[in-house]
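# Coordinate inspection notes
Each chain, letter by letter, is given below.
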Amino acid sequence: MNILSLLVSALGQGMIYAPMALGVFIAFRVLNTPDLTIDGSFVAGMCACAVVTIAGHPYLALLCGLAVGALAGLVTGLLQTRLRINPILSGILTMTGLYTINFMALGGQSNLYLQRAAVNSAGVETQVASDTLYKAFRAFMVSLTGNRRFDNNLSILIVTGLIVAAVAAVLAVFFFTRTGMAIRATGDNEEMVRSSSIDADRSRIQGIMLSNALVGLSGALLCEQQRYADLNFGSGMLVVGLASVIIGQVFFGQRGITLGIISAVAGSLVYRIILQVAYRVDMPSYAVKLLSAVIVVVALSIPLLRKRFAERRAEREEAEP
Amino acid sequence: MKGLSLIGLRKTFEKGTPNAKLALDDVSLEVAPGDFITVLGSNGAGKSTLFNAILGKFRLDRGRIILDGEDITRLPDHRRALNIGCLYQDPLRGTAPNMTIEENLALAYTRKASRSFFAVNRKDSAYFRELLRRLDLGLEDRMKTKMGLLSGGQRQAASLLMATIAEPKLLLLDEHTAALDPATAEKVLALTRRIIAERSITCLMITHNMQCALELGSRTIVMDSGRIVLDVAGQERAKLTVPQLLERFRENAGRDLATDRMLLG
Ligand SMILES: Nc1ncnc2c1ncn2[C@@H]1O[C@H](COP(=O)(O)OP(=O)(O)OP(=O)(O)O)[C@@H](O)[C@H]1O
Ligand SMILES: [Mg+2]
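Given the structure is predicted, the values throughout are model-derived calculations rather than measurements. (Residues numbered from 1 in each chain as written. Chains lettered and ligands numbered in written order. Predicted model: local features only at pLDDT ≥ 70, side-chain atom pairs only at ≥ 80, totals over all residues. Heavy atoms only, no water.)

Our focus in this paragraph is the overall build of chain B. Of the regular secondary structure elements, chain B holds 9 helices and 10 strands. Whereas a compact globule of 265 residues would reach a radius of gyration of roughly 18 Å, chain B reaches 19 Å, a difference of no more than 12%. Taking the principal axes of the C-alpha coordinates as reference, chain B spans close to 55 × 40 × 35 Å. By the burial criterion, 53% of the 265 residues in chain B qualify as buried. Within chain B, contacts between residues at least 6 apart in sequence are counted, and of these 68% link residues at least 24 apart. In the structure as shown, chain B presents an accessible area of about 12000 Å², 50% of it carried by carbon and sulfur atoms. Across chain B, the centroid of the 39 positively charged side chains sits 5 Å from that of the 32 negatively charged ones. (Helix = DSSP H or I, 4+ residues; strand = E, 2+ residues; numbered from the N terminus. Rg over C-alpha atoms; globule rule 2.2 N^0.38 Å. Buried < 20%, exposed > 50% of the residue type's maximum accessible area, 1.4 Å probe, protein only. Contact = heavy atoms within 4.5 Å. Areas by Shrake-Rupley, 256 points an atom, 1.4 Å probe, with all protein chains shown as cover. Lys, Arg positive; Asp, Glu negative; His and termini not counted. Charge placed at Lys NZ, Arg CZ, Asp CG, Glu CD.)

Okay, structure coming up:
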């Protein structure tokens, strides 16, 4: 594989995980509230998508992933606001409960391939791969370009990129509507929102639902791309999302909501490029999670280290004659 | 009936525990529309608790609150905020630091603004600019600046604007100038008087400055141990001096009013 095709594959993966990074951005940066539902809603999006795709509706499946994520967010939101359960615990509770539901959705297995049994012309039972968004779009690109060997990874990058661009644009507009602005304000100063006669609890629930809906969409996209759903795929997803958001901030800063949206997407892309490079130097795939955790720790400690360093230097300069 | 009626408000914090604290003890008060009442009382007298009761921050043990003929006793706090503006000592409480001045005002104005897709629109923006211009702090040219970059006094002035932007029926001011330096406090106070007079808003203002309490507004009440122990208005109040006020308080409450935080002059 040459560099370019590696890059295309990394960017494609980055786009698939970008809605998840946006969801993490909304939870951690806009609402200012840690939300551990994300690990669960990612898998829920995958599972819902797998079931509906196998039933023959690959596009509806993406919407189902979105909707299931939103529902998971609704549960966490209600726990946080109506029952006043600590946000971290609320997320853990939903995530734990979701495990059972996801398991049931997969028919009591820990993974499910996007295929179904059919009898071929010779009367033998075989497994037929389900139609997916990616299969359909590749076929479309082939007929468009007349190139029967059109790069699959390029096709993945293009279609996912289009979806992510649309999602990001809608989000950027949404956060300037009355509902969207109330969500931003709730993360900034909840008391002020209440004294402006806005139901801050409702805004908070809306924000958590939006965040998890995006995470669910991400899970659904990944499910269609890799052609299976896996019950254990979500663990550590939150840290991956955080790493993306933080990397994005390094490049684009954290000023303003629109820039925040762009940098979450960019962060997801850069993160996958970093992983691709790491794989090239023979990093085993199970090391991904450790790498993500280290990236987050390093990025979070940079401001403090920078401050200490500046203080030391100031001290030394004072000491000099 | 117009105005605000508080009927037999009672609140015990941590009821049924050894720490039980009777913070409001059968407080009743009739406030006529357009009244501007100053509220005095030593630390822990229950002044802020009275405001929080009106704002709906907790459930009362007993009593009813009627604003402009509507019984709001069981309304959640954000619903009451439609008609009640409030301002606290801490300038940070009333504004969202990471949003622009314009967005803050737009959010506060949601109460009365006509429906629009975007929260900030040209028509409202022009109105906000005019309001800011009249604050005379130069904020009208910084509408896109984040609220968090303003000084405490500027933020408190902006909070005042936000609390009154939707023409509330009632304005509650809880020592809203106490955290500002004397010159800024003076300015914010002047602003408060102007806005209240212009819009003839019914207002209650907590202060620890007795001179100020007697000079401002039309009526003064003094609280002690969760009760209103003194209530003066009209001619009687116009003639009242600070030493006389202290004397009256001693007669009614059976002890001295002055505390270290009280300003006598
Ligand atoms: N949420 C609460 N829980 C328990 N006790 C409370 C609570 N809020 C107020 N109190 C108690 O109620 C009493 C009245 O407090 P409040 O804040 O109303 O006093 P205040 O008159 O505003 O005093 P200050 O001048 O110091 O602001 C105090 O003894 C206080 O400790
Ligand atoms: Mg107080």
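Okay, the nonpolar core next. Membership of the largest hydrophobic core comes to 76 residues, with the highest contact counts inside it found for Met20 and Ile261 of chain A. Ranked by residue count, the leading element in this core is helix H1 (residues 3–30) of chain A, at 13 residues. With residues near it in sequence (within four places) discarded, Ile261 of chain A still touches Leu22, Phe25, Ala168, Leu171, Ala172 and Phe175 of chain A. Counting 46 residues, the second-largest nonpolar core is a separate cluster that includes Met181 of chain A together with Ala157, Leu171 and Leu189 of chain B. (Core = buried A, V, L, I, M, F, W, Y, C linked by side-chain atoms within 4.5 Å.)

This brings us to unusual backbone geometry. One non-glycine residue, Ser197 of chain A, adopts positive backbone phi at about 65°. The residue Ser197 of chain A is located in the loop between helix H8 (190–195) and helix H9 (200–226) in this model.

To continue, consider the site of ligand 1. Residues and elements named next belong to chain B. By nearness alone, 15 residues border ligand 1, and Asn43, Gly44, Lys47, Ser48 and Thr49 come closest of all. One nitrogen or oxygen atom from the main chain of Ala45 is found 3.2 Å from an oxygen atom belonging to ligand 1. Taken by itself ligand 1 offers 630 Å² of open surface, and the protein chains cover 64% of this. Ranked by the residues each element gives to the shell around ligand 1, the list is headed by helix H1 (residues 47–55), at 3 residues. The residue makeup of the shell around ligand 1, split by class, is 3 nonpolar, 7 polar and 5 charged. (Near = heavy atom within 4 Å. Polar contact = N/O pair within 3.5 Å; in protein donor to acceptor, adjacent residues only side chain to side chain. Nonpolar A, V, L, I, M, F, W, Y, C, P; charged D, E, K, R; others polar.)

Okay, the side chain of Thr160 of chain A next. Residue and element names in this part refer to chain A. Tracing the sequence through the fold places Thr160 in helix H6 (residues 152–174). The class of Thr160 is buried, set by a relative accessible area of 0%. If near-sequence neighbours (up to four positions away) are discounted, Thr160 is found in contact with Met15, Ile16, Tyr134 and Leu221.

Once that is clear, we can look at H1 of chain A. Roughly 40° is the biggest bend found in H1 of chain A, and it falls at Tyr17 of chain A, with proline Pro19 of chain A one to four residues downstream. Just past H1 of chain A, the residue Asn32 of chain A takes up positive phi, approximately 60°. (Bend = angle between axes of the 7 residues up to and from the residue.)

The next subject is the sheet that holds strand S2 (residues 21–31) of chain B. A sheet is described by the order of its strands in space; here 4 strands give the open sequence S2-S1-S4-S5 (chain B), paired in antiparallel fashion. With partners counted over all chains shown, the strands left at the sheet margins are S2 and strand S5 (70–71) of chain B, one partner each. (Pairing = 2+ DSSP bridges.)

Contacts between the two partners involve 20 residues from chain A and, on the opposite side, 32 residues from chain B. Here chain A packs against chain B, burying approximately 2200 Å² in sum over the two surfaces, 56% of which is carbon and sulfur. In this assembly, chain A and chain B are joined by 4 salt bridges. Two residues, Asp77 of chain B and Arg194 of chain A, come together in a salt bridge whose shortest N-O distance is 2.9 Å. Joining chain A to chain B, the criterion identifies 13 residue pairs in polar contact (both at pLDDT 80 or more). Contributions of two or more residues to the side of chain A that touches chain B are made by helix H7 (178–188) and H8 of chain A. Of the residues contributing to the side of chain A that touches chain B, the split by class is 8 nonpolar, 6 polar and 6 charged. (Buried area = accessible area lost by both parts, 1.4 Å probe. Salt bridge = Lys/Arg side-chain N within 4 Å of Asp/Glu carboxyl O.)

Before going further, it helps to spend a moment on the pairing of strand S1 (residues 4–13) of chain B. Residue and element names in this part refer to chain B. Among the 10 residues that make up S1, 7 are buried, leaving the element largely enclosed by the rest of the structure. Pairing of S1 with strand S4 (residues 62–67) involves 5 bridges; the strand directions are antiparallel. Its bridge partner being in S4, Leu4 is matched across the sheet by Leu67. Sheet topology places S1 next to S2; 7 bridges connect them, and they run antiparallel. Following the sheet pairing, Lys11 is matched in S2 by Leu24.

All names here are of chain B. Sheet architecture is open: 6 strands sit in the order S6-S7-S8-S3-S9-S10, paired in mixed fashion. Because the sheet does not close on itself, it has two edges, and the strands there are strand S6 (84–87) and strand S10 (227–233). In this sheet, adjacent strand axes meet at a mean angle of 15° when their direction is disregarded. Pairing of strand S7 (residues 170–174) with strand S8 (residues 202–206) involves 5 bridges; the strand directions are parallel. Counted as the bridge partner of Asp174 is Ile206 from S8. Those strands touched by H1 are strand S3 (36–41), S6, S7, S8 and strand S9 (219–224), and its axis lies near 150° from that of S7. Set on the sheet, helix H5 (residues 152–164) makes contact with S6 and S7; between it and S6 the angle comes to about 170°. (Axes fitted to C-alpha atoms, helices over the stretch in contact; angles between N-to-C directions.)

Right, let's talk about the packing of aromatic side chains for a bit. Considering all chains together, one arrives at 9 aromatic pairs over all chains under this definition. Among the aromatic side chains, those forming a connected cluster through ring pairs are Tyr109, Tyr127 and Phe128 of chain B. Positioned above the aromatic ring of Phe176 of chain A is the side chain of Arg184 of chain A, whose terminal nitrogen or guanidinium carbon lies 5.0 Å from the ring centre. The lysine or arginine in question, Arg272 of chain A, covers the ring of Tyr17 of chain A, its NZ or CZ lying 3.7 Å from the ring centre. (Phe/Tyr/Trp six-rings, centres within 6.5 Å; stacked < 30°, edge-to-face > 60°. Lys NZ or Arg CZ within 6 Å of the ring centre and 35° of its normal.)

Another point: the pattern of salt bridges. Under the defined criterion, the tally for this structure stands at 28 salt bridges over all chains. The residue Asp131 of chain A makes a salt bridge to Lys135 of chain A at a minimum N-O spacing of 3.2 Å. In this structure, the salt-bridge partner of Arg93 of chain B is Glu191 of chain A, at a minimum N-O distance of 2.7 Å. A residue pair is termed interchain when its members come from two chains, as with Arg93 of chain B in the loop between S6 and helix H3 (101–109) and Glu191 of chain A in helix H8.

Once that is clear, we can look at a positive patch on the surface. A cluster of like positive charges, contributed by Lys307, Arg308, Arg312, Arg313 and Arg316 of chain A, occupies part of the molecular surface. Looking at where Arg316 of chain A falls in the secondary structure, it is placed in helix H12 (residues 288–319). (Patch = residues over 30% accessible without salt bridge, like charges linked within 9 Å, V, L, I, M, F, W, Y side chains within 5 Å.)

Glancing now at the packing of helix H5 (residues 133–145) of chain A against H6 of chain A. Residues and elements named next belong to chain A. For the pair H5 and H6, the least separation of the axes is 9 Å and the interaxial angle reads 110°. Classed by the angle they form, the pair H5 and H6 counts as roughly perpendicular. Contacts between H5 and H6 involve Leu133, Tyr134, Phe137, Arg138 and Met141 from the first element and Asn152, Ser155, Ile156, Ile158, Val159, Thr160 and Ile163 from the second. (Parallel < 35°, antiparallel > 145°, perpendicular 65-115°, else oblique.)

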